[in-house]
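Architecture and fold: a report
Read off the chains here:
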Amino acid sequence: MRSWLTDEFEISVPVLSAPMAGVAGGRLAGAVSAAGGMGLIGVHPGASADWLAEQIGSAAAPGRPFGIGFIGWALSAAAPGQPDPDELLRVAIDARPAVISISFGEIADHVGPLHDAGIAVLTQAGNVDEALAADAVGVDIIVARGGEGGGHGRNEVATLPLLQEVLDAVDTPVLAAGGIGNRRGLAAVLAAGAHGALVGSAFLACPEAANPAEAKQAVVEARSTDTIYSRIFDLAQSLPWPPQYGGRALRNEVTRAWAGREDELARGGPAVVALADQLKSARQAGDVAFAAVYAGQAVGLVESARSAAEVVAEFAAADELLARLR
Ligand SMILES: Cc1cc2nc3c(=O)[nH]c(=O)nc-3n(C[C@H](O)[C@H](O)[C@H](O)COP(=O)(O)O)c2cc1C
């Protein structure tokens, strides 16, 4: 299956696994790349340079491209007591990944230095203005990311209308993200004109992923209607996510109790402090009834814990569907 993406990066399946903080370490990224896609390591806010170097060590394989994904706002300034983001970027650049993804924050200042190092720059856009802004600063790959996607991002437009709009608006190569869960989703976006897909949720139950076993099981059991988009977990934990980037996660006890009460969460107070403590303990215990399990609507298509290679092979079968159109 060939597209600009496969030719440019010498991969055989036009799928990039998403840089998912807490899930996509070097092991998942390396497994996706080994299977013919390209895996991206997801760098969480506050990650150390040593952690990143270790992940790169397990992702990098001779002859296989891989990528590294940062959260834009987390690169802007070092929070007190947190590792220096410039050092993290240096570690990333020195590893010479094929792609560096910077989404959900400022990207303009990063494009020049990454290009000087010969690294392609990818960003995710959740509306057409964001795509045009990325186009204007010279990024190499724009991902049209619809609101049905897992994890953080905008919830303004669904993948299909956004993809059509962005493809018409920019000349930069476009990938699609959000809700692409199997061969059918990949075939749809390729047929529409995308050069490939950035896929997160479909890899959430893989044995190579770094998320807890309980979260993987919850993903396998979840249906496509079991997710909710909100800022509940960010507000409860005082995480500095910009408000336009809420998160899509599995519904659980916490979302049931707090949905629609975001103003109360933002005001803080004893109940919110107690919730933050509860979330911390739940995360440590792998208690998914309370802890956040970020996932998109494509969880409904994840029915078992398949390996990353099996998931990539499923996407490769998009070719059979596309052959019908020829
Ligand atoms: C658990 C999880 C963690 C994520 N973490 C990040 C991240 O650290 N950086 C990032 O750019 N995107 C992150 N995302 C969003 C993905 O890059 C991508 O937009 C999304 O997974 C695409 O939609 P899909 O889940 O329907 O495939 C995350 C998504 C999930 C599900």
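Calculation criteria
Residues numbered from 1 in each chain as written. Predicted model: local features only at pLDDT ≥ 70, side-chain atom pairs only at ≥ 80, totals over all residues. Heavy atoms only, no water. Buried < 20%, exposed > 50% of the residue type's maximum accessible area, 1.4 Å probe, protein only. Helix = DSSP H or I, 4+ residues; strand = E, 2+ residues; numbered from the N terminus. Pairing = 2+ DSSP bridges. Phe/Tyr/Trp six-rings, centres within 6.5 Å; stacked < 30°, edge-to-face > 60°. Lys NZ or Arg CZ within 6 Å of the ring centre and 35° of its normal. Near = heavy atom within 4 Å. Polar contact = N/O pair within 3.5 Å; in protein donor to acceptor, adjacent residues only side chain to side chain. Areas by Shrake-Rupley, 256 points an atom, 1.4 Å probe, with all protein chains shown as cover. Nonpolar A, V, L, I, M, F, W, Y, C, P; charged D, E, K, R; others polar.

The chain has the name Nitronate monooxygenase in an unreviewed UniProt entry, where Nakamurella aerolata is given as its organism.

Bringing the pairing of strand β11 (residues 246–250) into the picture now. Counting buried positions over the 5 residues of β11 gives 5, a clear majority of the element. Strand direction decides the pairing type here: strand β7 (residues 151–153) and β11, joined by 3 bridges, are antiparallel. Looking at β11, one finds that Gly 153 is bridged to Gly 246. Relative to β11, strand β10 (residues 227–230) runs antiparallel, the two sharing 4 bridges. Pairing of Tyr 229 across the sheet is with Arg 248, part of β11.

Glancing now at the packing of aromatic side chains. Going through the model one piece at a time under the given rule, you end up with 6 aromatic pairs. Ring geometry for Phe 203 against Phe 315: centres 6.4 Å apart, planes inclined by 35 degrees, an arrangement best described as tilted. Residue Phe 203 is located in the loop between β9 (197–199) and α10 (213–221), and its partner Phe 315 is located in helix α15 (residues 308–316); the two are separated by 112 residues in the primary sequence. Among the residues examined, Phe 315 registers a relative accessible area of 0% and is labelled buried. Relative to Tyr 294, the ring of Phe 233 has its centre 6.2 Å away and its plane inclined at 75 degrees; by these criteria the two rings are edge-to-face. Of the two residues, Phe 233 sits in helix α11 (residues 232–236) while Tyr 294 sits in the loop between α14 (270–285) and α15, which places them 61 residues apart along the sequence. One aromatic cluster is present, formed by Trp 73, Phe 104, Trp 241 and Tyr 245 through successive ring pairs. Of note, Arg 261 hangs over the ring of Trp 258, and the distance from its end group to the ring centre comes to 4.0 Å.

All right, on to the site of the ligand then. By nearness alone, 21 residues border the ligand, and Pro 19, Gln 124, Arg 145, Gly 179 and Ser 201 come closest of all. Contacts to the ligand include Ala 21, whose backbone N or O atom sits 3.1 Å from a nitrogen atom. A distance of 2.6 Å separates an oxygen atom of the ligand from a polar side-chain atom of Arg 145. When isolated, the ligand has an accessible area of 600 Å², and the protein chains bury 96% of it. Of the residues that constitute the shell around the ligand, the class distribution is 11 nonpolar, 9 polar and 1 charged.

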